[in-house]
Amino acid sequence: MKKSCFAFALALLAAFGASAQQYRTSYFMEGSTMRGYLNPALRPDRGYVYIPAAGTVSVNFHSDALTFKTIFWPKGPDGSLVSLLDERVTWHDIEPMLRSMNNVGVDLHTTLLGAGFYTGRDFWTLEIGADAVGGFRLPRSFVEFVKLGSQANAYDMSGLQLGTDALVNVSAGWSRRIGTGLTVGGRVNFKGGVARSSARYDKLNVTLNGEKWAVDAAGTLAMSVNGLEVPTDAEGYVDMENLGEEAFTNIRGLAGFGLTFDFGAEYVWMERFKFSAAVLNLGFMNWDEKHTFVGRSEASYDFAGMRYLLDPDTGRWESAGEGGDFDFGEFAKFREASGRTRTRMYPGFVLGAEYDIFGDNLLGAGALFTHRKNEYYSRTEVSLALTVRPVAWFTASLSYAAGNYKSIGDSFFNSFGFALNFHTGWINFFAGTDFLMFRVNPQFIPVGQKICNVTVGLSVPLGPSPKRAGGC
């Protein structure tokens, strides 16, 4: 587990910096199966069956400072990339690109099995999916600490946080058209907790004391896994060196259960105006106490070592100089303690309006307000969209949004999004992003983009379109 916390942060950015999720741009696309995620009253023009494990794949990445080019630098031979911990990358290079607190969040969703079908005015959905959400808060002082080592005598790294949740989700949705203008809908989501881990330091001060570092810490480590086995050493501390190998190899089932509800409605006025609203994620998520470990950090302790570099030939972190090697197991010490087993659920809100410009459903102009939140970030945004439907089996949408990530340093953003949807009689294919990537490297990684996402969906239609009989 050498330099585990920081290595995890680098790995997270490397793996997910190229893609991400959110369904905003699909909201006004009538043929899309994605639009119902933001409002269960919205339904596609046909029933469908998702292609197993490929029905919906989406990832969302957001950061207020850290990007691919912040982490990897062209300092190697022939311009090859090296990590920011390489000695060829100086602190003078890194410091201007960091905030006092650097925040990153990632969430992923995939639909394993799913279907939607009409019964008269009613539309039903059934889905089984997998979700993961995670993030970290990384103080600039922590990056400085692992980069510079003993060049400074004291560091305040309070606020360091790292966590992830993995869930399976079984949902059932229903919507009904009432009269000619109103559609109402709801969805119930049964959540099964596969795993949860979280580490947070409310206080973390590190001071050089002779040849060792004195740590004054107050923090919490929480893990929930069915079959969890937390190794401890002779002094009763969590053995962080073997924690990953020992704790997560014997998963026997679910460690927690939850239940959430989504409600929505859409109203068509004078045939050309559509107004919609939704409330999402009302409910709870509990983790079983017998499958949960909670630890508290010691008030004060010492540790030695903190100089290391990544050997590109072996892929291992090697000690450098006389400072020894940074060992997260020695740096972070936890003893078992009591703690909460409930994950707070945050409701989301959606408001939408669309106007059919020509009255023939060819071109629509829409406005959308969304507010979504979880334990790692909060996003509020207002977007404008133009949606074109030139033929019955194709829809495209272009959106512009402005918003704010309140939980990660009030980071304002604006972006363009684009999505297309082929919904013929034999295939329904969706691809889109809420954050168009204008600058990518040869591996299609958005090197300087702080917020980005990609959503792809693939399904087989069921039955004729109830709205466009005789269409393709």
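Residues numbered from 1 in each chain as written. Predicted model: local features only at pLDDT ≥ 70, side-chain atom pairs only at ≥ 80, totals over all residues. Heavy atoms only, no water.

> Got a minute to help me understand the side chain of Asp 262 in this structure?
Within the secondary structure, Asp 262 sits in strand E11 (residues 256-269). With a relative accessible area of 7%, Asp 262 lands in the buried category. In terms of polar contacts, Asp 262 uses its side chain to reach the side chain of Asn 189, at 3.2 Å. In contact with Asp 262, not counting residues within four places along its chain, are Pro 40, Gly 185, Gly 186, Arg 187, Asn 189, Val 279, Leu 280 and Asn 281. (Helix = DSSP H or I, 4+ residues; strand = E, 2+ residues; numbered from the N terminus. Buried < 20%, exposed > 50% of the residue type's maximum accessible area, 1.4 Å probe, protein only. Polar contact = N/O pair within 3.5 Å; in protein donor to acceptor, adjacent residues only side chain to side chain. Contact = heavy atoms within 4.5 Å.)

> Explanation requested: the nonpolar core in the structure shown.
Soluble globular proteins: nonpolar side chains tend toward being buried together. Counting residues in hydrophobic clusters, the biggest one holds 46 residues, and the most contacted among them are Phe 145 and Tyr 201. The element best represented in this core is strand E10 (residues 212-225), accounting for 6 residues. Contact partners of Tyr 201, with chain neighbours within four places excluded, come to Ser 158, Gly 159, Leu 160, Ala 217, Ala 218, Gly 219, Ser 297, Tyr 301, Ala 332, Lys 333 and Phe 334. In terms of nonpolar packing, the next biggest core, distinct from the first, is built from 18 residues, Met 34, Val 350, Leu 368 and Ala 385 among them. (Core = buried A, V, L, I, M, F, W, Y, C linked by side-chain atoms within 4.5 Å.)

> I keep staring at the environment of Tyr 118 and nothing clicks. Help me out?
For Tyr 118, the position within the fold is in strand E5 (residues 101-119). In the structure, Tyr 118 is positioned 70 residues away from Tyr 48 in sequence and 9.5 Å away in space, judged by C-alpha atoms. A polar contact is formed between the side chain of Tyr 118 and the backbone oxygen of Pro 44, at a distance of 2.5 Å.

> Got a minute to help me understand helix H4 (residues 140-148) in this structure?
Residues three or four positions apart in an α-helix share a direction because the helix packs 3.6 residues into each turn. Within H4, 7 of the 9 residues are buried, which leaves the element mostly enclosed by the surrounding structure. What H4 keeps buried is the set Ser 141, Phe 142, Val 143, Phe 145, Val 146, Lys 147 and Leu 148.

> Honestly, empty space enclosed by the protein in this entry has me stumped. Any pointers?
To find leftover empty space, one rolls a probe the size of a water molecule over the atoms. Taken as a whole, this structure holds 6 cavities of 30 Å³ or more when the rule is applied. Its boundaries defined by the atoms lining it, the second largest cavity holds a volume of some 50 Å³. With 3 residues, strand E12 (residues 273-287) is the largest single contributor of residues to the lining of the second largest cavity. The class makeup of the residues in the lining of the second largest cavity is 4 nonpolar, 1 polar and 4 charged. (1 Å grid on protein atoms, 1.4 Å probe; cavity = no way out; pocket = protein on both sides within 12 Å on 5 of 7 lines; lining within 4 Å. Points joined across faces, edges and corners; volume = space filled by probe spheres on them. Nonpolar A, V, L, I, M, F, W, Y, C, P; charged D, E, K, R; others polar.)

> Would you take a moment to explain the environment of Asn 281 for this structure?
Residue position: Asn 281 is located in strand E12. Judged by its relative accessible area of 19%, Asn 281 falls in the buried class. Between the alpha carbons of Asn 281 and Gly 348 there is a distance of 6.3 Å; along the sequence they are 67 residues apart. The residues contacting Asn 281, other than those within four sequence positions of it, are Lys 191, Thr 260, Phe 261, Asp 262, Met 345, Tyr 346 and Pro 347.

> Explanation requested: the confidence of the model for the chain in the structure shown.
Regions with low pLDDT carry predicted coordinates that are not meant to be interpreted in detail. On average, residues of the chain score 81 in pLDDT, and 79% of them reach the 70 mark or higher. Between residues 1-21, whose pLDDT stays under 50, and residues either more than four places distant or in other chains, the model counts 72 contacts. The model gives residues 468-472 a pLDDT under 50, and that stretch makes 11 contacts with residues more than four places away or in other chains. (pLDDT = per-residue confidence, 0-100.)

> Help me out: how do you make sense of a nonpolar patch on the surface in this one?
Together, Val 49, Phe 117, Trp 124, Leu 126, Trp 174, Val 460 and Leu 462 give the surface a local cluster of nonpolar side chains, amounting to about 570 Å² of exposed area. Those elements giving two or more residues to the nonpolar patch turn out to be strand E6 (122-139) and strand E25 (451-462). In this structure, Leu 126 sits in strand E6. (Patch = residues over 30% accessible without salt bridge, like charges linked within 9 Å, V, L, I, M, F, W, Y side chains within 5 Å. Areas by Shrake-Rupley, 256 points an atom, 1.4 Å probe, with all protein chains shown as cover. Salt bridge = Lys/Arg side-chain N within 4 Å of Asp/Glu carboxyl O.)

> Teacher, can you tell me more about the pattern of salt bridges here?
Close approach of charged atoms allows side chains with opposite charge to pair. In this structure the tally under the stated criterion is 9 salt bridges. Close ionic contact of Arg 196 with Asp 165 constitutes a salt bridge, the shortest N to O distance being 2.8 Å. Of this pair, Arg 196 sits in strand E9 (residues 182-209) while Asp 165 sits in strand E8 (residues 161-178), placing them 31 residues apart in sequence. With a closest N to O distance of 3.0 Å, Asp 262 and Arg 187 form a salt bridge. Remark: Arg 187 occurs in strand E9 and Asp 262 occurs in strand E11; sequence separation between them is 75 residues. Here the two residues Asp 262 and Arg 187 agree in accessibility, since each one is buried.

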